[in-house]
Amino acid sequence: MTLDTFDSADDLYLARGEEVNPHRPLFTGDVFADLVIPGVIEDGMAMIVAHPCTFRAGAVLADRVLVARVVPHSKQGPGSWRTGFYDRMPLPDVSGTGQWVGNLDLVGRAVVTDLDATTRIACLSAFGVNMLQQRLTFHLTRAKIPTETFEEAFSHTFEEAELLEEWTDALVGGGWTITDATTAFEHFLRSESPTWQERLKEAQLRSAVRRACRGEAARLLRNE
Amino acid sequence: MDDDNHEVYRRAPVALVATEIAFPGEIGSPMPPAVGRAAAELLGDDWVHEPPPRLPVGVNVLGSAPMSVEVAGMSSSPILRFADRHRGSAIALTSGSVSVETTRYVNWPQFKTALELAVGITEKLLRPTGVIRAGMRYIDEIRVGRDVPQWQEWLSASVMPPAFDAMAASGWEPMTWTGAAQYRIGEDRQLILRYGPQPSQPGFFVNPDGPLRRPGPRPQGPFFLLDFDASWQPQVVPRWDTHIVLETCEQLRRPVRNLFDQILTPRLVDEVFNSEGEEQR
Amino acid sequence: MSDTLAQQGTTPTAGLVATVAVPEPVTKTIEERAKSLAEHAGHIRNTTSLIGDDAAAMQLEAFRIQLDERTAKLAKQAPSELLAELSELGFAWRDLARMLGVSVPALRRWRGGELPSGENRRLVAQLLAFTQIIRDDHLVFEPASWMEVRIVGDAPLTPIDLYAAGQLEVIHDLAAEKITPEAALDAADPDWRNRYRSEWEVATGEDGERFVRPKTRR
């Protein structure tokens with residue numbers, strides 16, 4: 001019985017260090033440099049392990065979000081994670097070189113306002129998020145669900161996050177505040193019937209949503 | 001016609017210049033659509049892919065009455081044809097040949113540009129293994145602006161029918177004639193000339209209603225046809241070499257020009273080819 | 001030429017030996033060639049010199065030449081312009097990054113005007129050229145949408161996955177409908193039927209949100 005694993009560290013991350021875009025919305029798998037986790041004694045890095053739907057409703061964030069402590073770990077090759085360490089999410093080279101893991105037993109509900117974009121040091125790729133969800137599910141329930149199934153089920157949330165990131169980049173670049181940009185995005189996402197947000201759930205409709213979103217952002221900037 | 005070192009006539013009579021290079025392959029087998037798309041990409045925006053032929057024959061087939069024949073379109077065409085946007089020049093590919101022709105021949109360097117393009121694409125897409133034949137064809141329609149031209153006043157006696165003073169004195173004028181000659185112009189090379197006066201109807205050999213448009217006013221009236229075909233068909237099929245192909249085509253045109261010059265008279269050059277006014281073609 | 005001469009003349013009763021004839025012009029014009037081919041079309045339809053592997057290899061080579069030529073033309077444009085065109089098609093940046101073998105932050109920098117390496121610039125041009133070819137030549141009207149939909153419903157593989165794996169010819173053949181979706185996956189991953197066999201499926205709950213459940217027995 002094996003879980004999925006990565007080929008190289010780059011497979012797990014969307015961005016690390018200075019490449020992390022501060023305009024990217026909070027998402028599953030985000031790693032923060034320093035975060036207090038109630039109930040977890042150790043200090044240090046932490047990562048969001050909650051599903052996006054559990055801590056955000058559009059632009060509105062919940063008060064707290066489930067996070068796990070990130071701790072140093074002995075170096076392991078990618079193959080090791082297939083058949084062991086099920087209670088951990090590998091985070092190789094997440095901060096410089098070295099092996100860290102998200103310890104899925106050291107979890108707690110951090111205050112969302114403590115999740116500061118300036119202290120975010122890594123965002124996971126879609127595969128990284130799916131791998132985290134697979135390991136967390138297996139650790140808690142012993143149910144092994146393929147990462148492809150998580151991709152099928154929840155990729156629309158990743159799409160939405162990417163669109164919001166791009167939208168915010170564009171509008172903030174045009175002089176908008178992050179708050180106003182986010183509010184405008186939520187308004188756009190829930191417009192039309194079915195809404196653009198609903199359409200993101202269908203693979204064949206996503207490109208149309210992206211085109212509409214990009215077009216709307218451009219329109220808003222022109223009207224400024 | 002012209003050569004790099006020859007006079008370029010203001011009102012040159014050339015109606016069509018065509019090159020055809022044959023290589024090993026079954027001419028007639030369908031050309032894969034992918035080859036057509038790749039050829040279009042390589043030719044660029046100046047050339048347009050023409051649909052498979054369902055068209056009237058553009059050139060009266062030699063030896064026959066002028067005809068217009070609708071040929072059936074084919075689902076997989078054996079010939080890929082491209083025309084420039086003026087429809088004055090065309091490039092065609094088959095599984096065993098590449099052709100370039102134009103009704104707007106200006107000079108050899110300009111024609112050679114299109115030929116180099118076509119030969120280059122052929123080499124890239126069809127990977128010919130050898131050269132079977134290369135040919136240059138020049139079709140001239142000489143008009144002198146007379147309803148009943150006395151061709152002996154304009155052209156060399158070598159293209160006139162046998163005639164004697166006694167026949168002329170008796171009023172036995174030649175009505176029409178058709179001549180053909182085949183010359184050896186080198187090793188594995190030959191030049192075929194077909195010539196003769198042509199009547200007012202239809203008034204052209206190269207059809208202005210064909211796939212290629214002819215510049216200037218619609219050709220009409222009687223004309224004298226000179227149809228030159230210089231070709232090289234080696235006994236031993238050499239390997240394909242773009243340089244050799246182009247060099248051969250350039251060499252083939254020289255005897256054509258030489259013979260053409262011999263057929264003209266100074267009067268024809270001065271009063272027709274170099275005169276002011278519209279191009280006769 | 002006029003057939004006036006052919007219409008007249010005395011027909012002798014004595015047998016006549018055929019005279020030497022000057023051959024017809026060897027160099028055919030394009031129209032003479034086309035007419036000749038048409039007259040022999042009945043024979044042509046029954047013979048194909050390019051069959052099977054030869055034809056497939058030629059078509060593959062021709063596609064590669066077409067793609068290279070289009071790529072070379074597009075590569076003259078600024079990478080930021082090429083990425084803007086890909087964005088206008090509706091691709092997700094993470095998918096573009098995956099197909100190009102780079103990170104999303106790298107794409108963001110290129111969009112901002114930073115110049116990629118020569119090879120990366122060519123790859124961006126090639127991706128745009130590829131989408132144009134499948135759109136223009138094979139009538140895939142929305143390439144971005146077509147490329148992110150599963151090739152076969154049971155397997156999570158899309159043309160984007162195949163492109164990221166370098167299987168451009170397979171995607172092209174799929175777009176050209178030269179191969180079936182199953183054959184495309186067989187070419188890309190012969191073991192796909194086993195690899196993606198799963199006991200789980202995705203469903204939509206009463207709250208409208210998706211969830212994962214064991215496959216229902218039918």
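Further up the page is the structure itself.
A. Highlighting the overall build of chain C. In terms of helices and strands, chain C carries twelve helices and two strands. Beginning at the N terminus, the succession of helices and strands in chain C can be written as α-α-α-α-α-α-α-α-α-α-α-α-β-β. Taking all 218 residues of chain C together, 44% fall into the buried category. Counting only contacts in chain C whose residues sit at least 6 apart along the sequence, the fraction spanning at least 24 positions is 52%. Of the roughly 11,600 Å² that chain C leaves accessible, carbon and sulfur atoms contribute 50%.

B. Region of interest: the overall build of chain A. Per the secondary structure count, chain A includes six helices and nine strands. Against the compact-globule benchmark of 17 Å for 224 residues, chain A has a radius of gyration of 18 Å, which places it among compact chains. With respect to the principal axes defined by its C-alpha atoms, chain A has extents near 55 × 35 × 30 Å. Here the analysis covers contacts within chain A between residues at least 6 apart in sequence; of these, 69% occur between residues at least 24 apart. For chain A, the accessible area works out to roughly 9,500 Å², and carbon and sulfur atoms hold 53% of it. With 22 positive and 32 negative side-chain charges, chain A shows a spacing of 4 Å between the two charge centroids.

C. The arrangement of the packing of helix α1 (residues 33–43) of chain B against helix α2 (residues 108–126) of chain B in detail. Residue and element names in this part refer to chain B. Relative to each other, α1 and α2 sit at 140°, their axes nearing to 10 Å. Between α1 and α2, the angle is such that the two are oblique. Judged by the sense of rotation from one axis to the other, the crossing of α1 with α2 is right-handed. In this structure, α1 uses Val35, Ala38, Ala39, Leu42 and Leu43 to contact α2, whose residues at the interface are Leu117, Ile121, Lys124, Leu125 and Leu126. Grouping the constituent residues of the contact of α1 with α2 by class yields nine nonpolar, no polar and one charged.

D. Up close: the sheet that holds strand β2 (residues 31–32) of chain A. Residues and elements named next belong to chain A. Taken in spatial order, the seven strands make up an open sheet running β1-β9-β2-β3-β6-β8-β7, and their pairing is antiparallel. Each end of this open sheet is capped by a strand with a single partner; those strands are β1 (13–16) and β7 (88–92). As paired elements, β7 and strand β8 (residues 99–111) share five bridges and run antiparallel to each other. Bridge pairing in β8 places Pro90 opposite Val101. Set on the sheet, helix α2 (residues 126–141) makes contact with β3 (46–48), β7, β8 and β9 (120–124); between it and β7 the angle comes to about 150°.

E. Inspection of the interface of chain A and chain C at higher detail. Each partner contributes residues to the interface: chain A has 33 residues there, and chain C has 29 residues. Carbon and sulfur atoms supply 48% of the area buried between chain A and chain C, which totals about 2,600 Å² over both sides. At the junction of chain A with chain C, the criterion picks out ten salt bridges. For Asp169 of chain A, the salt bridge is made with Arg108 of chain C, and the minimal N-O distance between the two is 3.9 Å. Elements supplying a minimum of two residues to the side of chain A that touches chain C: β1, α3 (147–173) and α6 (203–223) of chain A. The biggest single contributor to the side of chain A that touches chain C is α3 of chain A, with 14 residues.

F. Spatial organisation of the nonpolar core. Counting 67 residues, the largest nonpolar core has Ile21, Leu155, Phe224 and Phe228 of chain B as the members making the most contacts within it. The greatest single-element share of this core, amounting to nine residues, is contributed by α2 of chain B. By size, the runner-up hydrophobic cluster in this structure holds 49 residues, among which are Trp93, Ala144, Leu174 and Ala175 of chain C.

G. Local environment of the sheet that holds strand β5 (residues 97–102) of chain B. Residue and element names in this part refer to chain B. Spatially, β2-β3-β4-β5-β1-β6-β9-β8-β7 is the arrangement adopted by the nine strands of the open sheet, whose pairing is antiparallel. Edge positions in the sheet fall to β2 (47–50) and β7 (179–186), since each of these pairs with one other strand and no more. Neighbour to neighbour, the strand axes of the sheet diverge by 15° on average, direction disregarded. Sheet topology note: the strand β6 (residues 133–142)/strand β9 (residues 223–232) ladder contains nine bridges and is antiparallel. Its bridge partner lying in β9, Glu141 is registered against Leu225. Packed onto the sheet, α1 meets β2, β3 (80–84) and β4 (89–94) and runs at close to 20° relative to β3.

Analysis parameters
Residue numbering note: each chain is counted from 1, following its sequence as written. Whichever chain is written first becomes A and whichever ligand is written first becomes 1, with later ones labelled in order. Selection of residues for local features in this predicted model requires a pLDDT of at least 70, selection of side-chain atom pairs for listing and counting requires 80 or more, and totals for whole chains, interfaces and linings are taken over all residues. Heavy atoms from the whole structure form the basis of all side-chain values; hydrogens and water molecules are not counted. In this description a helix means any DSSP run of H or I spanning at least four residues, a strand means any run of E spanning at least two, and both kinds are numbered starting from the N terminus. Only protein chains enter the accessibility calculation, which uses a 1.4 Å probe. A residue is then buried if its area is under 20% of the maximum for its type, exposed if over 50%, and partly exposed in between. Contacts were defined at the residue level, with two residues in contact if any of their heavy atoms lie within 4.5 Å. Each accessible area value is a Shrake-Rupley result obtained with a 1.4 Å probe; residue values ignore everything except the protein chains displayed when judging cover. Throughout, the radius of gyration refers to the C-alpha atoms, and the reference size of a globule is 2.2 Å times the residue count to the power 0.38. For the purpose of charge, His is not counted, nor are the chain termini; Lys and Arg are scored as positive and Asp and Glu as negative. Charge positions are represented by NZ for Lys, CZ for Arg, CG for Asp and CD for Glu. In this analysis an axis means a line fitted to C-alpha atoms, helices contributing only their contacting stretch, and an angle means the value between N-to-C directions, from 0 to 180 degrees. What sets the label is the angle itself: under 35 degrees gives roughly parallel, over 145 gives roughly antiparallel, 65 to 115 gives roughly perpendicular, and the rest give oblique. Crossings are sorted by hand: turned counterclockwise from the far helix by less than a right angle, the near helix makes the crossing left-handed, and turned clockwise it makes it right-handed. Think of it as three bins: nonpolar holds Ala, Val, Leu, Ile, Met, Phe, Trp, Tyr, Cys and Pro, charged holds Asp, Glu, Lys and Arg, and polar takes everything else, Gly as well. Strands are labelled as partners when DSSP assigns at least two bridges between them. Two parts lose some accessible area (1.4 Å probe) when they are put together, and adding that loss for both gives the buried area. Salt bridge, as used here: a side-chain nitrogen of Lys or Arg that lies within 4 Å of a carboxyl oxygen of Asp or Glu. By nonpolar core we mean a set of buried residues, namely Ala, Val, Leu, Ile, Met, Phe, Trp, Tyr and Cys, connected to one another through side-chain atoms within 4.5 Å.

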